Amino acid sequence: MYSGAAAAGSPRRDFISVTLGPEEAAGVGGYNNSKAWRRRSCWRKWKQLSRLQRSVILFLFAFLAVCGVISYTSMGETWKSITNKSLDDQRTEQEIPRLKLANPAVLPAPQKADAKHGDYPELSLQKPPKPPHVRRGPSNLQIKAPRRDTRLKTRHDTMRAVEELVEADKVEKTEKSIISWRGAVIEPDQSTEPSSSKITELEKPSPVEPEDQKEPVPINERQLAVIEAFRHAWKGYKDFAWGHDELKPLSKSYSEWFGLGLTLIDALDTMWILGLKEEFEEARKWVANDLVFDKNVDVNLFESTIRILGGLLSTYHLSGDSLFLEKAKDIGNRLMPAFKTPSKIPYSDVNIGRGTAHPPRWTSDSTVAEVTSIQLEFRELSRLTGDEKFQKAVDEVMKHVHILSGKNDGLVPMFINTNSGQFTHLGVYTLGARADSYYEYLLKQWIQGGKKENELLEDYMRAIEGVKKHLLQRSEPKKLTFVGELAHGHFSAKMDHLVCFLPGTLALGAHNGLAADHMKLAETLIETCYQMYAQVETGLSPEIVHFNLHAQKGHKDVEIKPADRHNLLRPETVESLFYMYRFTGDKKYQDWGWEILQNFNRYTRVPTGGYTSINNVQNPSNPEPRDKMESFFLGETLKYMFLLFSDDIDLINLDKYVFNTEAHPLPIWVPA
Ligand code: DMJ
């Protein structure tokens, strides 16, 4: 009966009394016996309790069970979110190094070439806000799309995503600007209908499509780095060159070409696509209040068409703002005197104030690429205005060139005479300067018009066969396929960076059902264009390279002559990378573009704002800044970068839009 315990030496003695059953008292019985005994004993005790006591105990048990279930469920949620959070944290940490590019100051202290594939150790790490998940705004604040443009949702989504990038202390300001932004640009009713019934004779607008219901794709970190680069470039332009043609970022001034705010107009649709609404709104105000075409100034027909007319038209399509269409009509009309020539092949220059046009002072020739790369824009202007004169003028040029002699298996010479309408300087064939976009626009007009204009397709297909037959060669030691030039029967292993538009164009053709071997060629050529960057000390391509046709010890594929080693921030390779990624999904194209962006940041970025062309891509310790930021850096290069890094095929869907040669998207009249 007794069991006692007393702590030895303790002044206090504690006792526990326990009632033992007969088995225990006898010191017998195993585990099973004792369990059975405990069960019986408990049951006996339970029976001895009053009914009230039993009810209270049962109630307590039930209460505890309910509490247990509730807390188990909420613990599960908490645990799940903790687990997810730690996965997110790991992901973010892995991605942070890429963001070191956020603010690299490049000039005047460029980095060593051997560091070019790494990060910038001396730069402070700027962790950007987490890429926001895009959400829909209230419907009464949504901009209505022009009736023929169904892609505004995507642009809105991008816009909203970028809205979330602004710091918390700017929230109130941002919200105010959302209202004025949206209020300012929307005049859909005035802007979407052609002004004349003549449109019936032209291509019909695409039918209205139902709103895309797909989930928007959030902006990723590489795209954020492009936005940051754009903002940096824009800061320079705004601070030192506002309303002028080009920024001179080192001298903190500007240069004029036409005196028409070229950079600002070229950049409008890029801002729209990147979602930079404050910048866009400010630029829009300048267009509304200060852009005047009634000026006694000579402009180049081609350059002002692709940059100004093209930029205004695409911005009109993206924003739905009739201001841009009005301005497009104005400049389009002012450019028309260029076509008043004996041959109808337009002059290179037009005085947009006086309404007169003329060829350059030293010749009556025009450049072939120039007179055959204004068609997308003028045709679209006819479609929008209902005035067929624009389309008629440019179609006539194409029809004329289609039947012209002097081609070599579809390859065209570089010059055409405005009096005789004949090619001049026969015998020189290139896909580079002065001929490049002729080939590009054959395909793109065919796509723009709904793939019905067979002569355009014929000329394009024949030309690509001509390229294969006369201009393709392979270099040593890497056996890179490149596009050289032919001069009076002699092959030259010279390739302009400009030729790097070709892989993208070939891929676009293949995507539209043309020969599959065009895609194969595109794949080999884009590798070559990438090597034109990768084999150079700064990781940036020169303007022109010469390929080695024979293996020589210690020589790479790419040779650069001193006169050719400048880089003007050109877009062609990034443009082709964008097409290649869109059509193949191969991430290496994004990675190559990312390398190029980093090298632009290393060697061309000016700390006080803007990017500059450089004179020497072979000298990483002094790339010799030229003090000029070309408008196409904002109009094309950064736009294509942003699109290249996007996984959203609806962000300028290539079955609905065709880019002009200055990267301004125009609608395909009959989308696939
Ligand atoms: C741009 O104006 C256009 O892309 C044109 O087709 C070629 N030159 C520049 C960019 O390099």
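Numbering of residues begins from 1 in every chain and follows the order in which that chain's sequence is written. In keeping with the predicted nature of the model, local features appear solely for residues at pLDDT of at least 70, side-chain atom pairs appear and are counted solely at 80 or more, and the whole-chain, interface and lining totals rest on all residues. Values shown for side chains rest on all heavy atoms present in the structure; no hydrogens or waters enter the calculation.

1. Some remarks on the overall build of the protein
What counts here: Secondary structure follows DSSP: runs of H or I at least 4 residues long count as helices, runs of E at least 2 residues long count as strands, and numbering of each begins at the N terminus. Each residue gets one of three labels from its accessible area relative to the maximum for its type: buried under 20%, exposed over 50%, partly exposed in between, using a 1.4 Å probe on protein chains only. In these tables, accessible area is a Shrake-Rupley quantity obtained with a 1.4 Å probe, and a residue counts as shielded only by the protein chains included in the view.
Each helix and strand counted, the protein has 21 helices and 18 strands in total. Counting only residues that meet the buried cut, the protein has 55% of its 672 residues in that class. A total accessible area of about 29,600 Å² is found for the protein, and carbon and sulfur atoms account for 55% of it.

2. Looking at the sheet that holds strand β16 (residues 558-559)
By way of backbone hydrogen bonds, the strands of a sheet pair with one another, either parallel or antiparallel. Heads up, the rule is: A strand pair is defined by DSSP finding two or more bridges across the two strands.
Strand order in this open sheet of three strands is β14-β15-β16, and the pairing throughout is antiparallel. Here the strands that pair on one side only, and so sit at the sheet edges, are β14 (494-496) and β16. The sheet contact formed by strand β15 (residues 544-547) and β16 spans two bridges and is antiparallel. In the sheet register, H546 faces β16, and the bridge partner there is E559.

3. Points about helix α8 (residues 262-274)
Every α-helix winds through 3.6 residues per turn, so residues three or four apart in the chain are directed the same way. The condition is simple: Expected span, for any helix, means 1.5 Å times one less than how many residues it has. One fitted axis covers the seven residues ending at a residue, a second covers the seven starting there, and the bend at that residue is the angle between these axes.
Given a rise of 1.5 Å per residue, 13 residues ought to cover 18 Å, and the 19 Å separating the end C-alpha atoms of α8 matches this to within 8%. Helix geometry: α8 is bent most strongly at L268, by close to 40°. Count one or two residues on from α8 and you reach G275, which has phi positive near 80°.

4. Section: the UniProt feature "active site" (unreviewed entry) in the protein
What counts here: UniProt positions are given in the numbering used here, feature names are shortened, and annotations may be inferred rather than shown by experiment. Note on definitions: a residue-residue contact is assigned when non-hydrogen atoms from the two residues lie within 4.5 Å.
Per the UniProt annotation, the sites labelled "active site" (unreviewed entry) are E303, D436, E543 and E572. Taking relative accessible area as the criterion, E303 reaches 14% and is therefore assigned buried. Not counting residues within four places of it along the chain, the set of residues in contact with E303 comprises W257, F258 and I308. Residue position: D436 is located in helix α15 (residues 436-448). Given the relative accessible area of 14%, D436 is considered buried. Look past the residues within four positions of D436 in its chain and what remains in contact with it is A369, L431, L498 and F501.

5. Let's talk about the sheet that holds strand β4 (residues 349-351)
For clarity, the cut-off: Each axis is a line fitted through C-alpha atoms, taken for helices only over the stretch in contact, and angles between the N-to-C directions span 0 to 180 degrees.
As summarised here, the arrangement of the three strands in space is β3-β4-β5, forming an open sheet in which the pairing is antiparallel. Each edge of the open sheet is held by one strand with a lone partner, namely β3 (298-300) and β5 (356-358). Neighbour-to-neighbour, the strand axes of this sheet turn through a mean angle of 30°, independent of strand direction. Where β4 lies against β5, three bridges are found, and the strand directions are antiparallel. Paired with V350 across the two strands is A357, which belongs to β5. Contacting β3 and β4, helix α10 (residues 301-319) crosses the sheet at an angle of about 75° to β3.

6. Details of unusual backbone geometry
Here the bond from E476 into P477 is cis, since omega is 5°, no more than 30 degrees from zero. Despite not being glycine, K344 has its phi angle at roughly 75°, a positive value. Along the polypeptide, K344 turns up in the loop between α11 (322-335) and β4. One non-glycine residue, K451, lies in positive phi territory at about 60°. As for its position among the elements, K451 is in the loop between α15 and α16 (454-471).

7. Notes on the pairing of β15
Burial of β15 is two-sided: the residues I544 and H546 facing one way and the residues V545 and F547 facing the other way are all buried. Here β14 runs beside β15; their pairing, made up of three bridges, is antiparallel. Looking across to β15, one finds that K494 is bridged to H546.

8. Comments concerning the site of the ligand
Our working definition: Whether a residue is near a molecule or strand depends on its heavy atoms: it is near if one of them lies within 4 Å of it. Pairs of N or O atoms within 3.5 Å make up the polar contacts considered here, provided that, within protein, one atom can donate a hydrogen while the other can accept it, and that residues adjacent in sequence are counted only when both atoms are side-chain atoms. Residues are sorted three ways: Asp, Glu, Lys and Arg are charged, Ala, Val, Leu, Ile, Met, Phe, Trp, Tyr, Cys and Pro are nonpolar, and all the rest, Gly among them, are polar.
Looking at the ligand, the residues that line it are I306, R307, L498, R570, P571, E572, F632, E636, T661 and E662. Within the side chain of E572, a nitrogen or oxygen atom sits 2.6 Å from an oxygen atom of the ligand. Between the ligand and E636 there is a distance of 2.7 Å, counted from an oxygen atom to a side-chain nitrogen or oxygen. In isolation the ligand offers 290 Å² of accessible surface; the protein chains occlude 91% of this area. Elements supplying a minimum of two residues to the shell around the ligand: α10 and α21 (631-644). For the shell around the ligand, a count of residues per class yields four nonpolar, one polar and five charged.

9. Some words on the packing of aromatic side chains
Keep this limit in mind: Centres within 6.5 Å make a pair out of two Phe, Tyr or Trp rings, where for Trp the six-membered ring is used; the pair is then stacked when the planes are under 30 degrees apart, edge-to-face when over 60, and tilted otherwise.
Applying the stated rule across the entire model yields 22 aromatic pairs. Relative to F258, the ring of W257 lies with its centre 4.6 Å away and its plane at 25°, an arrangement referred to as stacked. In this structure W257 comes out as partly exposed when scored by relative accessible area, which is 38%. Through successive ring pairs, a cluster of aromatic residues spans F578, Y579, F583, Y640 and F659.

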